[in-house]
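# Close look at the chain arrangement
Here are the chains, one letter per residue:
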Amino acid sequence: MDNKINVCLVDDQMLIREGIKSLLNLSNKVAVIAECSDGSELADCISHSSPDVILLDLSMPIMNGIDTLKWMKAEAINIPVIVLTTFDDHEWVLQSIQEGAKGFLLKDVSLDTLVEAIESVNNGQSHIQPAITERLLSSMSNQNTSTTAHSKTEALTEKEQEILRLMASGCSNKEIALALYKSEGTIKNHVSNILSKLGVRDRTRAVLLAIEKGLI
């Protein structure tokens, strides 16, 4: 138990919490140590159980996911948060990004993906499920005019924008290299340049920022 990542579940539906907890109980890497029915209970949860990662629903009564993220930011609580969602309302997801969420998953996610995401955010990285990225891109594609998109993408070359779109689809450096007929080392250099230009430290945050700013 000592080397497991301690998780707090925040969701107003008890069946959802039980389902996620049962799923995570199958892993030897994660332990669910606390549960909350909404964000208003999270302060006590943090003070009594000190979770490493928080799994947070967005749609909850009393104190929803967005308000919970705002409260955590105001209180300078730096526990990484993974948002679990059943819908593709991009405004909610983008607002979660702005308020500091580190990961986004659909609630029907597999155990392996869920554990991978928990490990990623616990190590200071970000994690977004490609299915959510695709929905965000689809829902926002008609909102960015060509003029706006052009003004926001001047810092990135056409090749970097192409690579960023492939990153958003969940492709690895090796898969991008195969798709573009480039060496993996060349793609790795392009990815490093993209991260530097966007001022982020990992691929997932680059994709989230690109979606938020209409870069792809």
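Here, the structure is the one placed above.
So, a few notes on the structure that sits alongside this text. (Residues numbered from 1 in each chain as written. Predicted model: local features only at pLDDT ≥ 70, side-chain atom pairs only at ≥ 80, totals over all residues. Heavy atoms only, no water.)

Here the focus is the packing of helix α2 (residues 42–49) against helix α3 (residues 65–74). α3 packs onto α2 with a crossing angle of 50° between their chain directions and a minimal axis gap of 11 Å. By the angle between their axes, α2 is oblique relative to α3. On α3, the residues that touch L42, A43 and I46 of α2 are T68, W71 and M72. Among the residues making up the contact of α2 with α3, the classes are represented as 5 nonpolar, 1 polar and no charged. (Axes fitted to C-alpha atoms, helices over the stretch in contact; angles between N-to-C directions. Helix = DSSP H or I, 4+ residues; strand = E, 2+ residues; numbered from the N terminus. Parallel < 35°, antiparallel > 145°, perpendicular 65-115°, else oblique. Contact = heavy atoms within 4.5 Å. Nonpolar A, V, L, I, M, F, W, Y, C, P; charged D, E, K, R; others polar.)

Moving on to the packing of helix α8 (residues 158–168) against helix α9 (residues 173–180). Two elements in contact, α8 and α9, have axes separated by 10 Å at closest approach and are oriented at 130°. What the angle tells us is that α8 and α9 run oblique. Handedness of the α8/α9 crossing: right-handed. Residues K159, E162, I163, L166 and M167 of α8 form the contact with α9, whose own contacting residues are I176, A179 and L180. Of the residues assigned to the contact of α8 with α9, the class counts are 6 nonpolar, no polar and 2 charged. (Left-handed = near helix turned anticlockwise from the far one by under 90°.)

The next subject is the sheet that holds strand β2 (residues 30–36). As summarised here, the arrangement of the 6 strands in space is β2-β1-β3-β4-β5-β6, forming an open sheet in which the pairing is parallel. This sheet does not close on itself; its edge strands, each paired only once, are β2 and β6 (127–128). Looking at chain direction, strand β3 (residues 53–57) and strand β4 (residues 81–85) are connected through 4 bridges and run parallel. Within β4, the residue paired with D57 across the bridge is L84. (Pairing = 2+ DSSP bridges.)

To continue, consider the environment of G65. Of note, G65 is situated in helix α3. Here the alpha-carbon distance between G65 and W92, two residues 27 residues apart in the chain, equals 9.1 Å. Excluding its chain neighbours within four sequence positions, the residues that come into contact with G65 are L56, D57, L58 and M60.

So yeah, pure geometry; function would need other evidence.
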